[in-house]
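Letter by letter, the chains look like this.
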Amino acid sequence: MELLKQRILKDGQVLGNDILKVDSFLNHQMDVQLFNEMGKEFFRLFAHKNVTKILTIESSGIGIACIAAQYFNVPVVFAKKTEAKNLDSDTYLAEVFSFTKGKTYSVRVSQKYINPNDIVLIIDDFLANGKAALGLADIVGQAGAQVAGIGIAIEKGFQDGGKLLREKGLEVQSLAIVQSMQNGKISFSE
Ligand code: 5GP
């Protein structure tokens, strides 16, 4: 998606060799007009899948998922990273290794909000090693529901997540695929 690629080139910052900081428009301050264009694009890519629900993970995926959901006209469920007293006791649980935090954490979704006849589109801001998306796909499987596909804003093509998920037969559509970030210079794959 050209608009997103141009924005990454304009405002993205490369940290080290493998972290892209986009918090001026994607995951801290959020450019809602850009999200709106991203939402339309996700809808164009997945409209034929009869999606009944969008699943994301807190917190960075929520904004993107909510804007996209307005096009699909379906609810958004987000996986919670903390165990809270007000979360139902009947939850689906997956373990996710965080690439940015370097530790494993549990994510939980109440069993009430995904059921066997759901067709679930997974949405997230980044795809690195694929652990977050795999955890969410696992939760969809635990519910006996179907994964419609995985919609990602920014895939880092030089990390293994995209390959891993596609090899599992999951449809991954990324709006921008960063091919390399060598010496702070960002380039995209087509
Ligand atoms: P994965 O589970 O695919 O290894 O990593 C994806 C998750 O890690 C995303 O939910 C995202 O929040 C975070 N992440 C991975 N790489 C980056 C990055 O380069 N920049 C930012 N801002 N977040 C990232």
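Here is a short report on the structure shown in this document. (Residues numbered from 1 in each chain as written. Predicted model: local features only at pLDDT ≥ 70, side-chain atom pairs only at ≥ 80, totals over all residues. Heavy atoms only, no water.)

Before going further, it helps to spend a moment on the pairing of strand β9 (residues 172-180). Here six bridges tie strand β8 (residues 146-156) to β9, and the two strands are oriented parallel to one another. Paired with I150 across the strands is V172, a residue of β9. Since β8 and β9 lie parallel, the crossover through helix α5 (residues 161-167) that links them has a hand, and here it is right-handed. Direction of pairing for β9 relative to strand β10 (residues 187-188): antiparallel, over a ladder of two bridges. Among the inter-strand pairings, V178 is bridged to a residue of β10, identified as F188. A loop of six residues connects β9 with β10, the two strands running antiparallel in sequence, and N183 in this loop sits at a positive phi of about 50 degrees. (Pairing = 2+ DSSP bridges. Helix = DSSP H or I, 4+ residues; strand = E, 2+ residues; numbered from the N terminus. Right-handed = clockwise from strand over helix to strand, strands pointing away.)

The next point concerns the site of the ligand. Taken together, 16 residues sit near the ligand, with L20, A128, N129, G130 and K156 positioned nearest. Within the backbone of N129, one N or O atom sits 2.8 Å away from an oxygen atom of the ligand. In this structure, an oxygen atom belonging to the ligand sits 2.8 Å away from a main-chain N or O atom of A132. Starting from 500 Å² of accessible surface for the ligand in isolation, the protein chains cover 87%. Going through the elements one at a time, β2 (19-21), β7 (119-127) and α4 (131-142) are the ones with two or more residues in the shell around the ligand. Top contributing element to the shell around the ligand by residue count: β7, with four residues. By residue class, the composition of the shell around the ligand is seven nonpolar, four polar and five charged. (Near = heavy atom within 4 Å. Polar contact = N/O pair within 3.5 Å; in protein donor to acceptor, adjacent residues only side chain to side chain. Areas by Shrake-Rupley, 256 points an atom, 1.4 Å probe, with all protein chains shown as cover. Nonpolar A, V, L, I, M, F, W, Y, C, P; charged D, E, K, R; others polar.)

Moving on, we come to the packing of helix α1 (residues 2-11) against helix α2 (residues 32-46). Where α1 contacts α2, the two axes come as close as 10 Å, and the packing angle between them is 145 degrees. Contacts between α1 and α2 involve L3, L4 and R7 from the former and L34, E37 and M38 from the latter. In terms of residue class, the contact of α1 with α2 is built from four nonpolar, no polar and two charged. (Axes fitted to C-alpha atoms, helices over the stretch in contact; angles between N-to-C directions. Contact = heavy atoms within 4.5 Å.)

Counted by the stated rule, this structure contains 10 salt bridges. Here D23 ties to K21 by a salt bridge, and the two come within 3.3 Å at their closest N and O atoms. Among the residues examined, D23 registers a relative accessible area of 23% and is labelled partly exposed. Assessed through its relative accessible area of 32%, K21 is described here as partly exposed. Residue R166 pairs with E155 through a salt bridge whose shortest N-O separation is 2.9 Å. Here R166 is found in helix α5, whereas its partner E155 is found in strand β8, with 11 residues between them in sequence. (Salt bridge = Lys/Arg side-chain N within 4 Å of Asp/Glu carboxyl O. Buried < 20%, exposed > 50% of the residue type's maximum accessible area, 1.4 Å probe, protein only.)

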